[in-house]
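The chain contents come next:
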Amino acid sequence: MTTYQNNDHLAGDFYTQNFAKTAGEGNLILNLGPQHPSTHGVLRVVVELDGEYIMRAEPVLGYLHRMHEKMAEVKTAAQFIPNMGRVDYGHALGWNWAFVGAAELVGGIEVPERAEYIRVITCELNRIASHLLWWGAYLLDLGAFTPIMYAFDDREKILDILQDPTGSRLTYSYYRIGGVAKDLSADCIRRIQEFIPWFRSRLPMYKDLVSDNIILRKRIEDIGVIEQEVCRRFGATGPVARGSGIKYDVRRAQPYSVYPKLDFEIPTSNLKCARGRYDVRMAEMEQSLRIIEQALEMMPEGEVLVKGAPKPSWKVPKGEGYFAVEGARGKIGAYVVSDGGKNIYRTKLRAPGYCNLSLFAEVSQGTILADAVAILGSLDLIIPEIDR
Amino acid sequence: MIKEALNTVSDLWSLMVGLRVTKDYFRAPQVTVRYPWKAVSNIATYKGHLELVGGKTGKPKCISCGMCALACPSNCLTVVKRKPPKPTPEEEQALAEAKAKGEKPKDKTPKDPEKFIYDFTLCSLCGTCMENCPVGALDFTGSAYLAGYSREDFHFDLVQLLKNQAGLEGMDASAAPETGQSEA
């Protein structure tokens, strides 16, 4: 008598089976994730290993899909703003800005100048917080535990500052169509002014503690080399493209808001490896401080929300528009199509992480598994943003 | 050969520099807060759950217009309006007289809501309701320590909550969360 034995769990799911078809003889197929600590969430990478070398890698997405784009179709424009804070927990204000900017573009709404400066200041502060989060988590991936403590000490100060106008600490919903929700208080401005020199004094400490450390240098130099041609082919933006020497920054390439009036540099690196991306992010924090400093000086008095700002029942006029901002991970875009109805007809969100991740399959080919984790971390992936 | 040796020395030196930072911070004062015994001091600007703002008489300022419920992206608010009070016989007579004269009867229904049901499990604290309130009757509490045992603990009746805060009725532990205490 034979007993039925269910071996389905050993056969793998659709992705594994499909992947296995073209696997080499004697190679091992391994799932990296979806619950792997180094993938920062629920990213799953199916890899084919020959010994310790990666022959092929294929990211599998969709474990954190929350249908933000679909939700935009059943809400009015103003009601959709809270969603944008949840798309990317690292740089929530960048997403706020992309959607609000697109709605303003289609609706033809002017934003008061003070609100523009407040947006620049808060967005850049958020960028520093995002880079600090990446810095701590990346080093955690590489096996260094304490740096995240230093990073979170500083990040906490930024969160305290941003908590004042926004009221939250991570998933901000602060920008409104036609301005921002609340003015920066005098206390908040004083705290930002105190933060700038303090954080500047911390950056050399980061350099001494980690950046110059020989163990880190040996670990991340010359791994994950991304050629410029690969960046262009996959549409990589942000520090990933700049780490390969492409001088592309939305703040300069498609100037928006008051960025043309501000003086800052776009740091790039010609190393092309994980170290290059690391250097770019560290330099970007310094540039963000410069931007905040100038914006605080140039910020005029006045309204922060335009008179007659859209109410939740506001209908976006018929038309379409695309608005892109520079997020901590690259170009964040929102494409809004309206047919003049109650809700926006279609909203397309362009996530930088999606493009940055897609080049991983090519870059990780031939590297060893331990390096693949270091490459994955250097791309600064935030999974909720990739899946949306 | 010499270059290689110098490189090794500089590599080792980078480790010493890092250790110096560690040593400096080892002696620095603690930056974290020992939570159960001490609470953080920065929650003044934190947005907790919603509350109704009381007027001078202690009644909520709310006029039951329902703008907040309409504006809410996640449908977490329900405003229950008061029913018009049953008129006394004298009033009924006055009403009939007014009707005969062709006057419009005055609406004597109190404007404050009977119930203001707020589902905190759905709320994303965006502040859209607050911004759209014509009388400024909604506000965020600073309560960062709200906790409950069941889902129902986060379904509030904000009118009841306001009454509890004013001390008119017995305190309900789940309905009136305690705000941060610095020392225990």
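None of the values given here were measured: they were computed from a predicted structure.

Cut-offs used in this document
- Residues numbered from 1 in each chain as written.
- Chains lettered and ligands numbered in written order.
- Predicted model: local features only at pLDDT ≥ 70, side-chain atom pairs only at ≥ 80, totals over all residues.
- Heavy atoms only, no water.
- Helix = DSSP H or I, 4+ residues; strand = E, 2+ residues; numbered from the N terminus.
- Rg over C-alpha atoms; globule rule 2.2 N^0.38 Å.
- Buried < 20%, exposed > 50% of the residue type's maximum accessible area, 1.4 Å probe, protein only.
- Contact = heavy atoms within 4.5 Å.
- Areas by Shrake-Rupley, 256 points an atom, 1.4 Å probe, with all protein chains shown as cover.
- Pairing = 2+ DSSP bridges.
- Axes fitted to C-alpha atoms, helices over the stretch in contact; angles between N-to-C directions.
- Parallel < 35°, antiparallel > 145°, perpendicular 65-115°, else oblique.
- Left-handed = near helix turned anticlockwise from the far one by under 90°.
- Nonpolar A, V, L, I, M, F, W, Y, C, P; charged D, E, K, R; others polar.
- Phe/Tyr/Trp six-rings, centres within 6.5 Å; stacked < 30°, edge-to-face > 60°.
- Lys NZ or Arg CZ within 6 Å of the ring centre and 35° of its normal.
- Patch = residues over 30% accessible without salt bridge, like charges linked within 9 Å, V, L, I, M, F, W, Y side chains within 5 Å.
- Salt bridge = Lys/Arg side-chain N within 4 Å of Asp/Glu carboxyl O.
- 1 Å grid on protein atoms, 1.4 Å probe; cavity = no way out; pocket = protein on both sides within 12 Å on 5 of 7 lines; lining within 4 Å.
- Points joined across faces, edges and corners; volume = space filled by probe spheres on them.
- Buried area = accessible area lost by both parts, 1.4 Å probe.
- Polar contact = N/O pair within 3.5 Å; in protein donor to acceptor, adjacent residues only side chain to side chain.

(A) Spatial organisation of the overall build of chain A. Secondary structure summary: chain A contains 17 helices and eight strands in total. Radius of gyration (C-alpha) of chain A: 22 Å, near the 21 Å computed for a compact globule of 388 residues. By principal-axis analysis of the C-alpha atoms, chain A measures approximately 80 × 55 × 40 Å. Counting only residues that meet the buried cut, chain A has 59% of its 388 residues in that class. Looking at chain A alone, contacts between residues at least 24 apart form 71% of all its contacts between residues at least 6 apart. Carbon and sulfur atoms make up 54% of the accessible area of chain A, which amounts to about 15,500 Å² in all.

(B) Molecular detail of the sheet that holds strand 1 (residues 28–32) of chain A. Residue and element names in this part refer to chain A. Strand order in the open sheet formed by three strands is 1-2-3, with antiparallel pairing between adjacent strands. In the strand order of this sheet, the two ends are held by strand 1 and strand 3 (53–60), each with one partner. Sheet twist, expressed as the average angle between the axes of neighbouring strands with direction ignored, equals 20°. As paired strands, strand 1 and strand 2 (residues 44–50) are joined by five bridges and run antiparallel to one another. Residue pairing in the sheet places Leu32 in a bridge with Val45 of strand 2.

(C) Expanded view of the packing of helix 4 (residues 77–87) of chain A against helix 5 (residues 92–107) of chain A. Residues and elements named next belong to chain A. The geometry of helix 4 relative to helix 5 is characterised by a closest axis approach of 7 Å and an angle of 150° between their N-to-C directions. Here helix 4 lies roughly antiparallel to helix 5, going by the angle between them. Helix-helix and strand crossings are classified by hand; for helix 4 and helix 5 the assignment is right-handed. Touching Ala77, Phe80, Ile81, Met84, Gly85 and Val87 of helix 4 are Ala92, Trp95, Asn96, Phe99 and Val100, all from helix 5. Split into classes, the residues belonging to the contact of helix 4 with helix 5 amount to nine nonpolar, two polar and no charged.

(D) Seen up close, unusual backbone geometry. In the Ramachandran plot, A:Arg388 falls in the positive-phi region, its phi being about 60° despite a non-glycine side chain. With respect to the secondary-structure elements, A:Arg388 resides in the segment after helix 17 (383–387). Owing to a relative accessible area of 12%, A:Arg388 belongs among the buried residues under this scheme. Positive phi is not limited to glycine here, since B:Leu125 has a value of about 55°.

(E) Fine view of the environment of A:Leu357. Residues and elements named next belong to chain A. Mapped onto the secondary structure, Leu357 falls in helix 14 (residues 352–358). Judged by relative accessible area, Leu357 falls into the buried class, the value being 2%. Here the alpha-carbon distance between Leu357 and Met285, two residues 72 residues apart in the chain, equals 23 Å. Excluding residues that lie within four positions of it along the chain, Leu357 makes contacts with Leu43, Pro59, Leu61, Leu376, Leu379, Leu381 and Ile386.

(F) Broad picture of the sheet that holds strand 6 (residues 319–326) of chain A. Residues and elements named next belong to chain A. Judged by pairing direction, the sheet is antiparallel, and its three strands sit side by side in the order 6-7-8 without closing on themselves. Looking at strand neighbours, the two that pair on one side only are strand 6 and strand 8 (346–350), the edges of this open sheet. Taken over all neighbouring pairs, the strand axes of this sheet differ in orientation by 10° on average, direction set aside. Of the pairings in the sheet, the one linking strand 7 (residues 331–338) to strand 8 comprises five bridges and is antiparallel in character. Directly across from Ala334, in strand 8, lies its bridge partner Leu349. Sheet contacts for helix 5: strand 6, strand 7 and strand 8; angle to strand 6, the most-contacted strand, approximately 150°.

(G) Focus on the packing of aromatic side chains. All names here are of chain A. Scanning the model with the defined rule gives 20 aromatic pairs over all chains in all. An angle of 85° between the planes, with centres 5.9 Å apart, marks the rings of Trp97 and Tyr175 as edge-to-face. On the criterion of sequence distance, the pair formed by Trp97 in helix 5 and Tyr175 in strand 4 (residues 175–176) is long-range, its members being 78 residues apart. With respect to burial, Trp97 and Tyr175 carry one shared label: buried. Put simply, the rings of Trp97, Tyr174, Tyr175, Tyr256, Tyr259, Phe264 and Phe323 pair up and form one aromatic cluster. Of note, Arg251 hangs over the ring of Tyr259, and the distance from its end group to the ring centre comes to 5.9 Å. Cation over ring: Arg252 sits above Phe264, and NZ or CZ is 4.0 Å from the ring centre.

(H) Region of the structure containing a nonpolar patch on the surface. Residues A:Leu140, A:Phe145 and A:Met149 make up a contiguous nonpolar surface patch of roughly 300 Å² in combined accessible area. The exposure class of A:Leu140 is partly exposed, given its relative accessible area of 38%.

(I) Representation of the layout of surface pockets in the model. A volume near 1,600 Å³ is recorded for the largest pocket. Every residue lining the largest pocket is counted, 49 residues in all, and those nearest its centre are A:Met149, A:Tyr150, A:Phe152, A:Asp153 and B:Val31. Looking at the lining of the largest pocket, the elements with two or more residues in it are helix 7 (147–166), helix 8 (186–211) and helix 9 (214–220) of chain A together with helix 1 (2–27) of chain B. With ten residues, helix 7 of chain A is the largest single contributor of residues to the lining of the largest pocket.

(J) Structural view of the interface of chain B and chain A. With 24 residues of chain B in contact, the opposing surface of chain A contributes 26 residues. Looking only at chain B, the three residues that lose the most surface to chain A are B:Tyr25, B:Thr45 and B:Pro73, adding up to 22% of its buried area. Where chain B touches chain A, the interface holds two salt bridges. Across the pair A:Arg217 and B:Asp11 runs a salt bridge, and its minimum N-O distance is 3.4 Å. Between the two partners, chain B and chain A, sit twelve residue pairs in polar contact (both at pLDDT 80 or more).

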